[in-house]
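Analysis of the macromolecular model
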Amino acid sequence: MTVAAGGFANAQAAEAPCLSVSHLSLKFGKGCPACEGEHAKLERNVCPVCGTVHAVRDVSLEVYPGEIIGIVGESGSGKSSLMKCIYFDQQATSGDVRALPYDGGAENILTCSPQQKRFIRNSVFGMVYQNPYLGLRMDFSSLSNIAEQMIAAGDRNVGHMCERGYYLLDKVNIPARRAKDAPALFSGGMQQRVQIAKALSNNPPILLLDEVTTGLDLSVQASVLDLILRIRRDFNVSMLVVSHDLGVIRMLADRTFVMLDGQVIEHGLTDQILEDPQHAYTQQLVYSLL
Ligand SMILES: Nc1ncnc2c1ncn2[C@@H]1O[C@H](COP(=O)(O)OP(=O)(O)OP(=O)(O)O)[C@@H](O)[C@H]1O
């Protein structure tokens, strides 16, 4: 198993996407002839005949090195399910996902063994959840949270873990004097910053961020968004950012995919989507932002 950390050295690799998702689908239920295939008839994302929920339908996207891709859509559109499938929190029903940093993208990582998936989760991806309770051990110190992630990737050098922990906490603006405090004692914005530091522990080339600013005060939200942009610049990581808030996507994403009822209904450069939305739903989203 090999992983190229923190971006790609040669120009050829920089041309290739670091993450490719092809025809990814996730359904809850068995499906039936009425809801499968090209002429499927669904009510929103639900089959009116068998009740199967088609949470993600045939989604394809590519993320290039150093790029931030935004996924936007209303609640229930399938954004989080898509992210969960990529990070193996949820088993996709079908599809193909390749990560260039993992064996040069030779394998569909959805079909990897549990051991390979653990490696990919620890070393190729860094995950930041909306709910910090999912990403952090609230009663461990912030330093221990980072060390835990490094141990999971095979690091056993206490000095190295400590050094990296202080370095990353400093990068996310957590002062050294709070490094031994548990995240349970921190504000929501600080918890998200510790989650970001933990996600960066093993220098993963791809960060996955799921509604990371939802529920935070506006000023705290702005500081976390600034931090994310700084992290992209300093660590040269690619990011997949999920949010229901087009304002967040506008600030972060180079390209944007709009999801509705499990499908991508529109995608393009974020500026293009904002200036000239084509789909009626995207137009509604954009006008509500003005
Ligand atoms: N375990 C499950 N069983 C059945 N349906 C599910 C399950 N998990 C999710 N869904 C459905 O899948 C669809 C997509 O959900 P998902 O959470 O991905 O949406 P979302 O766009 O991320 O919305 P939110 O931000 O509210 O989570 C929704 O219709 C949801 O009800």
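Residues numbered from 1 in each chain as written. Predicted model: local features only at pLDDT ≥ 70, side-chain atom pairs only at ≥ 80, totals over all residues.

As annotated in an unreviewed UniProt entry, the chain carries the name Phosphonate C-P lyase system protein PhnK and is attributed to Slackia equolifaciens.

This part is about the sheet that holds strand β3 (residues 68-72). Judged by pairing direction, the sheet is mixed, and its 6 strands sit side by side in the order β5-β6-β7-β3-β8-β9 without closing on themselves. The outermost strands of the open sheet, each flanked by one partner alone, are β5 (125-128) and β9 (263-269). Strand-to-strand twist in this sheet, taken as the mean axis angle between neighbours without regard to direction, amounts to 15 degrees. Relative to strand β6 (residues 206-210), β5 runs parallel, the two being bridged by 4 bridges. (Pairing = 2+ DSSP bridges. Helix = DSSP H or I, 4+ residues; strand = E, 2+ residues; numbered from the N terminus. Axes fitted to C-alpha atoms, helices over the stretch in contact; angles between N-to-C directions.)

Let's shift gears to the site of the ligand. Lining the immediate surroundings of the ligand are 13 residues, of which F28, A55, S75, S80 and S81 lie closest. Listing elements by their share of the shell around the ligand, those giving two or more residues are β2 (53-63) and α2 (79-86). Looking at which element gives the most residues to the shell around the ligand, the answer is α2, with 3 residues. Looking at side-chain class alone, the shell around the ligand contains 3 nonpolar, 9 polar and 1 charged residues. (Near = placed C-beta within 6 Å. Nonpolar A, V, L, I, M, F, W, Y, C, P; charged D, E, K, R; others polar.)

Take the domain arrangement of the chain next. Partitioning the chain into structural domains gives domain 1 (11-124 + 206-289) and domain 2 (133-203). For domain 1 versus domain 2, the separation of C-alpha centres amounts to 26 Å. Opposite the 13 residues of domain 1 that make contact, domain 2 presents 13 residues. Elements with a contribution of two residues or more to the side of domain 1 that touches domain 2: α3 (114-123) and α8 (218-235). Here the element with the most residues in the side of domain 1 that touches domain 2 is α8; it accounts for 7 residues. Among the residues making up the side of domain 1 that touches domain 2, the classes are represented as 8 nonpolar, 4 polar and 1 charged. (Domains from an automatic or database assignment. Contact = placed C-beta atoms within 7 Å.)

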